[in-house]
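# Close look at the chain arrangement
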Amino acid sequence: MAEGPGDKQPRSSDPREEVLTRERAKIKKPQMYQVVLLNDDYTPMEFVTWVLTAVFHKPAAEAQRLMLQVHQTGRGVCGVFTHDVARTKAIQVQSLARRHEHPLEAKLEAIGSA
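Notes on the structure follow.

### A word on the overall build of the protein chain
Check the secondary structure of the protein chain and you find three helices and three strands. A fraction of 73% describes how many contacts in the protein chain between residues 6 or more apart in sequence connect residues 24 or more apart. Within the structure as shown, the protein chain displays about 8700 Å² of accessible surface, and the carbon and sulfur contribution to it stands at 52%.

Put into structure tokens, the structure is as follows:
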């Protein structure tokens, strides 16, 4: 007798021979963003160095080096984070700058594609 599409026959009558398979969900890596400080003609270098240590937890020497990079090239990457973390850090920079009456800007730039 031919099997119909609705007929399901077990491969074995012994339940110990059943093979269980589990599908694994592919976990997609999150999109990463770099936080970039932009140079301006008014924010003091000392303030930029302080922001780099306070917000990005950079050691003093690295903060100084990065501040000079921002000053000399017009921009500097402070770190690479997931979107939420990068956005939070950029907002912290903007908030501190406004509180101290400086025009310092931080922006997010996507890294590659997820």
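### Re a nonpolar patch on the surface
Taken together, Val77, Val80 and Ile111 make up a surface patch of nonpolar side chains, about 200 Å² in accessible area. Note that Val77 resides in strand E2 (residues 75-82).

### Considering the nonpolar core
In a soluble, globular protein the nonpolar side chains are often hidden away together inside. In this structure, Leu37, Leu52, Phe56, Val93 and Leu104 are the most contacted members of the largest nonpolar core, which totals 22 residues. Listing elements by their share of this core, those giving two or more residues are strand E1 (32-38), helix H1 (45-54), helix H2 (60-73), E2 and helix H3 (83-99). In contact with Leu104, not counting residues within four places along its chain, are Leu37, Leu38, Asp40, Thr43, Phe47, Val48, Val51, Val93, Gln94, Ala97 and Arg98.

### Re the sheet that holds strand E3 (residues 105-111)
Read from one edge of the open sheet, three strands run E2-E1-E3, paired in antiparallel fashion. Lying at the two open borders of the sheet, with one neighbouring strand each, are E2 and E3. Between one strand axis and the next, the sheet turns by 30° as a mean value, whatever way the strands run. Relative to E2, E1 is paired through seven bridges, and the arrangement is antiparallel. For Gln34, the partnering residue across the bridge sits in E2 and is Val80. Against the sheet, H2 contacts E1 and E2, and its axis sits at roughly 125° relative to E2. Taken strand by strand, H3 contacts E1, E2 and E3, and its axis lies near 165° from that of E3.

### Topic: the pattern of salt bridges
Enumeration over the complete set of coordinates arrives at four salt bridges. Glu105 serves as the salt-bridge partner of Arg98, at 2.7 Å between the closest nitrogen and oxygen. Looking at Glu105, the relative accessible area reads 34%, which means it is partly exposed. With a shortest N-O distance of 3.3 Å, Glu109 and Lys107 are connected by a salt bridge.

### Thoughts on the environment of Thr88
Inspection of the secondary structure assignment puts Thr88 in helix H3. The exposure class assigned to Thr88 is partly exposed, which follows from its relative accessible area of 43%.

### What to know about the packing of aromatic side chains
Throughout the structure, instances matching the rule amount to two aromatic pairs. Relative to Trp50, the ring of Phe47 has its centre 5.7 Å away and its plane inclined at 45°; by these criteria the two rings are tilted. Here Phe47 pairs with Trp50, and both are found in helix H1, just three residues apart, close to one helical turn.

How each quantity is defined
Residues numbered from 1 in each chain as written. Predicted model: local features only at pLDDT ≥ 70, side-chain atom pairs only at ≥ 80, totals over all residues. Heavy atoms only, no water. Helix = DSSP H or I, 4+ residues; strand = E, 2+ residues; numbered from the N terminus. Contact = heavy atoms within 4.5 Å. Areas by Shrake-Rupley, 256 points an atom, 1.4 Å probe, with all protein chains shown as cover. Patch = residues over 30% accessible without salt bridge, like charges linked within 9 Å, V, L, I, M, F, W, Y side chains within 5 Å. Salt bridge = Lys/Arg side-chain N within 4 Å of Asp/Glu carboxyl O. Core = buried A, V, L, I, M, F, W, Y, C linked by side-chain atoms within 4.5 Å. Buried < 20%, exposed > 50% of the residue type's maximum accessible area, 1.4 Å probe, protein only. Pairing = 2+ DSSP bridges. Axes fitted to C-alpha atoms, helices over the stretch in contact; angles between N-to-C directions. Phe/Tyr/Trp six-rings, centres within 6.5 Å; stacked < 30°, edge-to-face > 60°.

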